[in-house]
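Breakdown of the fold
Chain by chain, the residues:
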Amino acid sequence: MRDRRLWVPGRLHPGDRVAVVAPSGPVDPVRLARGRQVLTEIGLDVVVMPRVLNRRGYLAGSDAGRAADLQEAWCDPSVRAVICARGGYGATRLLDLLDWAVMGTARPKILLGSSDITALHQAFAVRLGVAGCFGPMPACATLSDPEGPEPSSLAHLRASLFEGDMPDPVAGDQVIVPGHAEGPLTGGNLSLLAALCGTPYAMRGQGHIVLLEDIGEDPYRVDRMLTQLISAGCLTGALGIVLGSWVGCGDPMPALVDRLAPLGVPMIAGVPIGHGTPQFTAWMGADAVIDTESCSLTCLFRDPAAAL
């Protein structure tokens, strides 16, 4: 499935039902309540799956329970999008528990999440051929801080999710390698992409623009994970590189430039996608454009009316 274009699910309309799941770390109920209210206020009918507030150490409950919520939400015909409450850790533990044959019979829908949810975006692309949204989640700071959601992040998320809207290009602050690139977007959180090497869900950069971001990783660890991706062939044939946020990573730019600039493809940095604030949204698997003249990434919707 990775050798063909992914389905871009039909985008949302006011009143559509969305289901919140917790496939990774434990969820703060106060933050979840605030984030649910934000989603309600932009016009969505929000249901929270029954196991979302479960907790088992650093996980949001048992693997079986988290997988069950995710699969039930995806297969529910009344649900138009599945929204992950937060990241953390744990999504990779679900990949062998989901019944992909059953999930493949469901109508494709939006999967929204970032950070640890990179694993699910990769798996949904491989197993189901479905593109998804890499963006802010309802129980995380960007949407659920006490003072309210960060306005530009929420506006960009809404424009990315709803039919009839078009998200603005996301501007970076540095051109590493000039040029123009257009193709489907892949990638996500660097730690997860490195962890998926050697599995059926390893990223394939061939013919894609690759987005990379991370949080809390020292520069030498960033170097090590990039080296792993390069050695595994995950970046071979990439059309371009977009460097997102690197919150709490010290100064990873020397390592990023040293390992990635020799690929010789257009590359921009400082794009606010991944962690931190603001946090904009990208459609993983949909077409995108790197324009180094404007130092921006633009996600495209070729034919929204034909989307499933």
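Placed above this text is the structure.
Residues numbered from 1 in each chain as written. Predicted model: local features only at pLDDT ≥ 70, side-chain atom pairs only at ≥ 80, totals over all residues. Heavy atoms only, no water.

1. Quick notes on the pairing of strand β13 (residues 287-291)
The condition that has to hold: Here the term buried applies to any residue with accessible area under 20% of the maximum for its type, exposed to any over 50%, and partly exposed to those in between, with areas from a 1.4 Å probe on protein chains only. Working definition: helices are DSSP H or I runs of at least four residues, strands are E runs of at least two. Numbering for both runs from the N terminus. Here the rule is simple: two strands pair whenever DSSP picks up at least two bridges between them.
Judged by how many residues are buried, β13 sits mostly within the fold: four of five residues are covered. Strand direction decides the pairing type here: strand β8 (residues 180-189) and β13, joined by five bridges, are antiparallel. Pairing of G183 across the sheet is with A288, part of β13. Across four bridges, β13 lies against strand β14 (residues 296-299) in antiparallel orientation. By the bridge assignment, I290 is partnered in β14 with L297. Once β13 ends, the chain turns through four residues before running back antiparallel as β14, passing C295 with a positive phi of about 50 degrees.

2. A short note on the packing of aromatic side chains
In plain terms, the rule: For Phe, Tyr and Trp, where Trp contributes only its six-membered ring, two rings pair if their centres lie within 6.5 Å, and the inter-plane angle classes them as stacked under 30 degrees, edge-to-face over 60, or tilted in between. Working rule: Lys NZ or Arg CZ, within 6 Å of ring centre, within 35 degrees of ring normal, means a charge sits over the ring.
Inspection of the entire model under this criterion finds three aromatic pairs. Taking the centre distance of 4.9 Å and the plane angle of 90 degrees together, the rings of W74 and F124 count as edge-to-face. Taken together, the residues W74 in helix α2 (residues 63-75) and F124 in helix α4 (residues 118-128) connect sequence positions 50 residues apart. For the pair W74 and F124, one class covers both residues: buried. The interplanar angle of 85 degrees and the centroid separation of 5.5 Å between the aromatic rings of W100 and F124 together place this pair among those described as edge-to-face. In this pair, W100 sits in helix α3 (residues 100-103) while F124 sits in helix α4, placing the two residues 24 residues apart along the sequence. Like F124, W100 is buried. Lying across the ring of W74, K109 places its NZ or CZ 6.0 Å from the centre.

3. Some thoughts on helix α6 (residues 151-161)
Under the convention used in this document: In this analysis, two residues are considered to be in contact whenever any of their non-hydrogen atoms come within 4.5 Å of each other.
Those residues of α6 that sit buried are S153, L154, H156, L157, A159, S160 and L161. Elements that come into contact with the buried residues of α6 comprise α1 (29-41), β4 (110-112), β5 (132-134), α5 (141-144), β6 (170-171) and β12 (282-284).

4. Thoughts on the sheet that holds β6
Filter applied, for reference: An axis is simply a line fitted to the C-alpha atoms; with a helix, the fit covers only the stretch in contact. Between two such axes, the angle follows the N-to-C directions and lies from 0 to 180 degrees.
Taken together, the eight strands give an open sheet; going across it, the order is β6-β14-β13-β8-β9-β10-β11-β7, and neighbouring strands pair in mixed fashion. For this open sheet the edge positions go to β6 and β7 (174-177), each flanked by a neighbour on one side alone. Pairing of strand β9 (residues 209-215) with strand β10 (residues 240-247), which is carried by six bridges, proceeds in the parallel orientation. Among the inter-strand pairings, I209 is bridged to a residue of β10, identified as G240. Where helix α9 (residues 253-260) meets the sheet, its contacts fall on β7, β9, β10 and β11 (267-269), and the angle it forms with β10 comes to roughly 160 degrees.

5. Some thoughts on the environment of V48
Residue placement: V48 occurs in strand β2 (residues 45-48). As a C-alpha pair, V48 and A22 span 26 residues in sequence and 9.4 Å in three-dimensional space. With residues up to four places along the chain from it excluded, the contact list for V48 reads V20, L32 and R36.

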